[in-house]
Amino acid sequence: MAKYRKILVALDGSPASLSALRQALRLADHQKSAIMGITVMPVFEGDLDLTAVDDVRGVMRGPGEAILEEAQKIVKADRGLIMRTVLERGEPFERIVDLSEAEGCDLIVLGRHSHGRLARRIVGRVATRVIGYSKVDVLVVPEGASIEWGRILLATDGSRYSERAARRAVDFAKAYGESLDIVSVTDVTDEFSALAPKAREEMTAKASDIVENLGRTASEEGVTVRTFVKEGDAARCIADLAAQERVDVIFMGSHGRTGLRRLLMGSVTEGLISLTARPVLVVNVSG
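The notes below deal with the structure included here. (Residues numbered from 1 in each chain as written. Predicted model: local features only at pLDDT ≥ 70, side-chain atom pairs only at ≥ 80, totals over all residues. Heavy atoms only, no water.)

## Concerning the nonpolar core
Grouped together as the largest cluster of nonpolar side chains are 44 residues, with contacts concentrated most on I7, L21, I35, V109, L180 and F251. Here this core gets seven residues from one element, more than from any other, and that element is helix α1 (residues 15-31). Once residues lying within four places of it in the same chain are set aside, the contact partners of F251 are W149, I152, L153, L154, A155, A165, R168, A169, F172, L281 and V283. If you look at the next biggest cluster of nonpolar residues, it comprises 38 residues, including V86, A127, A242 and M252. (Core = buried A, V, L, I, M, F, W, Y, C linked by side-chain atoms within 4.5 Å. Buried < 20%, exposed > 50% of the residue type's maximum accessible area, 1.4 Å probe, protein only. Helix = DSSP H or I, 4+ residues; strand = E, 2+ residues; numbered from the N terminus. Contact = heavy atoms within 4.5 Å.)

The following block contains the structure:
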């Protein structure tokens, strides 16, 4: 199966990021991956000549160094692995993506707070920006979630952006899994259905063909498969199905665009990350 050679974990000292680190360590241990940690501190925007602190940059590095020191203790106590750490200043998503490219990482792991809608939205936006600009896969882990691979849910729209996610999901199901669920969602409003009932039927039929074809391919490789077609808001339908079927992790593909254009097309991803209590692995088409 395709393996992750080098994993980058974003650390901010929160319980969510430390929980994500522990899960990343499990994956790194199993796949024999190298692992790195990054903490990004804000840039000091004041006038250095006017501040009473002699070493402003040093003072600002202090919290970041403490975060990385705590992370190193977890690494040594948890798995006995060696983790290289990097402390950066700037915009978090930019520094995370830049480091992943510079170091040849093929997976970025991010934690997400599980308490409060506002906190979920804020963290979701950072995660979405990392996903939007990253050239590698991104795993978003809700606070307290445990990454298991036994029951995988693949969300697909049949596009080429979903093909690599499907391949990754099948590989993981073969290596770790008990089952692979595949879902495709048609987002059709009542008004649209009333105006174009035939189009609605065609969209549903197309979604059925998508999941059946993928399911047939996975079954031929020895994977136990179930397929679903849902209608409604895509993020909500996927999150609800994941909870209903008690899946362990959700796989989905990212769009093959970059920057803002890709973010605009990633509303389903952003919505799903904010709604689900399951880890979400976003597989990049260019990775």
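## Description of the sheet that holds strand β10 (residues 280-283)
Pairing is mixed across the open sheet formed by ten strands, whose spatial order is β3-β2-β1-β4-β5-β10-β9-β6-β7-β8. The open sheet is flanked by β3 (83-89) and β8 (225-231), the only strands paired with a single partner. Between one strand axis and the next, the sheet turns by 20 degrees as a mean value, whatever way the strands run. Along the sheet face, helix α5 (residues 160-176) touches β5 (137-142), β6 (151-155), β7 (179-186), β9 (249-253) and β10 and points at about 150 degrees away from the line of β9. Along the sheet, helix α10 (residues 267-275) contacts β4 (107-112), β5, β9 and β10; its crossing angle with β9, the most-contacted strand, is approximately 170 degrees. (Pairing = 2+ DSSP bridges. Axes fitted to C-alpha atoms, helices over the stretch in contact; angles between N-to-C directions.)

## Concerning the pattern of salt bridges
Across all of its chains, the model carries 14 salt bridges by this definition. The partner of D171 in a salt bridge is R167, and the shortest N-O contact between them spans 3.0 Å. Separated by four residues within a single helix, D171 and R167 lie in helix α5, roughly one turn from each other. A relative accessible area of 13% places D171 in the buried class. A salt bridge links K174 to E221; its shortest N-O distance comes to 3.0 Å. Taken as a pair, K174 in helix α5 and E221 in the loop between α7 (197-220) and β8 lie far apart in primary sequence, 47 residues in all. (Salt bridge = Lys/Arg side-chain N within 4 Å of Asp/Glu carboxyl O.)

## Digging into α1
In an α-helix there are 3.6 residues to a turn, and that puts residues three or four apart on one side. Here α1 contains 17 residues, and its C-alpha end-to-end distance of 24 Å stays within 8% of the 24 Å for a straight helix at 1.5 Å per residue. Here α1 lies mainly inside the structure; twelve of its 17 residues are buried. Among the residues of α1, those classed as buried are A16, S17, L18, S19, A20, L21, Q23, A24, L25, L27, A28 and Q31. Just past α1, the residue K32 takes up positive phi, approximately 60 degrees. (Expected span 1.5 Å × (residues − 1).)

## Quick look at the environment of E178
Within the secondary structure, E178 is located in the loop between α5 and β7. Residue classification places E178 among the exposed positions, given a relative accessible area of 61%. Once the C-alpha coordinates of E178 and G150 are considered, the two residues, 28 residues apart in sequence, prove to be 4.9 Å apart. E178 has contacts with G150, R151 and T224, leaving out every residue within four places of it along the chain.

## Points about the packing of aromatic side chains
Tallied over the entire structure, the rule returns seven aromatic pairs. Taking the centre distance of 6.1 Å and the plane angle of 75 degrees together, the rings of W149 and F251 count as edge-to-face. In this pair, W149 is assigned in the loop between β5 and β6 and F251 in strand β9, connecting sequence segments 102 residues apart. With respect to burial, W149 and F251 carry one shared label: buried. By relative accessible area, F251 is classed as buried at 0%. (Phe/Tyr/Trp six-rings, centres within 6.5 Å; stacked < 30°, edge-to-face > 60°.)

## Some remarks on the pairing of β9
Burial analysis of β9 places five of its five residues in the buried class, which makes it a mostly covered element. The two faces of β9 match: V249, F251 and G253 on one face and I250 and M252 on the other face are all buried. By the bridge criterion, four bridges tie β6 to β9 in an arrangement that is parallel. Of the residues in β9, the one forming a bridge with L154 is F251. Pairing analysis gives four bridges linking β9 to β10, with the strands arranged parallel.

## What to know about unusual backbone geometry
Although it is not a glycine, K32 sits at a positive phi angle of roughly 60 degrees. Examined against the element boundaries, K32 turns out to sit in the loop between α1 and β2 (34-41). In the Ramachandran plot, R246 falls in the positive-phi region, its phi being about 55 degrees despite a non-glycine side chain. Looking at the secondary structure, you find R246 in the loop between α8 (234-244) and β9.

## So, the environment of L107
Inspection of the secondary structure assignment puts L107 in strand β4. Each C-alpha atom, one on L107 and one on K3, is 9.8 Å from the other, the two residues being 104 residues apart in sequence. Once residues within four sequence positions are removed from consideration, L107 is found in contact with Y4, K6, I7, L8, L27, V136, D137, V138, L139 and L281.

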